[in-house]
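Summary of structural features
What follows is the residue order along each chain.
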Amino acid sequence: MNRTMAVAKHDFQIGYLTVFEIVRPFFENSFWCISLGTGLQQGMLCDARTKEPRQFKTLDSAVKALEAIGFEVNRLG
């Protein structure tokens with residue numbers, strides 16, 4: 001299930017979101033996307049207007065978005 005930032009924040013607060021991945025789509029090498037889920041069910045963080053996967057030019061900006069949702073990001077890799 002794809003989520004906007006507002007939905008992701010809500011789902012995190014109620015304990016529904018437990019895992020995340022910062023991924024680089026196979027078809028594009030210049031940006032990063034965020035995958036969120038419960039472990040079994042994954043979906044992308046999407047732009048609220050376009051409903052397309054949200055694109056981040058840097059890992060730092062992707063981490064800031066994850067922290068805005070509520071995740072604690074201490075390491076990558």
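Residues numbered from 1 in each chain as written. Predicted model: local features only at pLDDT ≥ 70, side-chain atom pairs only at ≥ 80, totals over all residues. Heavy atoms only, no water.

So, the pattern of salt bridges
Summed over all chains, the structure comprises two salt bridges. Residue Asp11 pairs with Arg3 through a salt bridge whose shortest N-O separation is 2.7 Å. Both residues of the pair, Asp11 and Arg3, count as buried. (Salt bridge = Lys/Arg side-chain N within 4 Å of Asp/Glu carboxyl O. Buried < 20%, exposed > 50% of the residue type's maximum accessible area, 1.4 Å probe, protein only.)

Considerations on the side chain of Arg3
Mapped onto the elements, Arg3 comes out in the segment before α1 (5-13). By relative accessible area, Arg3 is classed as buried at 3%. A distance of 2.7 Å separates the side chain of Arg3 from the side chain of Asp11, its partner in a polar contact. (Helix = DSSP H or I, 4+ residues; strand = E, 2+ residues; numbered from the N terminus. Polar contact = N/O pair within 3.5 Å; in protein donor to acceptor, adjacent residues only side chain to side chain.)

So, the sheet that holds strand β1 (residues 19-23)
Sheet strands line up and pair through hydrogen bonds in the backbone, either parallel or antiparallel. Reading across from one edge, β1-β2-β3 is the order of the three strands in this open sheet, with antiparallel pairing throughout. Either end of the sheet is taken by a strand with one partner, and the two such strands are β1 and β3 (42-44). The average angle at which neighbouring strand axes cross in this sheet is 25°, direction not considered. In the sheet, β1 pairs with strand β2 (residues 33-37) via five bridges, with the strands oriented antiparallel. Looking at β2, one finds that Val19 is bridged to Gly37. (Pairing = 2+ DSSP bridges. Axes fitted to C-alpha atoms, helices over the stretch in contact; angles between N-to-C directions.)

Let's talk about helix α2 (residues 59-69)
Of all the residues in α2, the buried ones are Ala62, Val63, Ala65, Leu66 and Ile69. Down the axis of α2, the sector holding all buried residues measures 155°, keeping them to one side. Buried residues belonging to α2 abut α1, β1 and β2. (Arc of directions from axis to C-beta. Contact = heavy atoms within 4.5 Å.)

Describing the packing of aromatic side chains
Scanning all chains against the criterion turns up two aromatic pairs. Ring geometry for Phe12 and Phe71: centres 4.8 Å apart, planes at 55°, overall tilted. Here Phe71 lies in the segment after α2 and Phe12 lies in helix α1, a separation of 59 residues in the sequence. Given the relative accessible area of 25%, Phe12 is considered partly exposed. Three or more aromatic residues joined by ring pairs make a cluster, and in this case those are Phe12, Phe20 and Phe71. Note that Arg24 overlies the ring of Trp32, its terminal NZ or CZ placed 4.0 Å from the centroid. (Phe/Tyr/Trp six-rings, centres within 6.5 Å; stacked < 30°, edge-to-face > 60°. Lys NZ or Arg CZ within 6 Å of the ring centre and 35° of its normal.)

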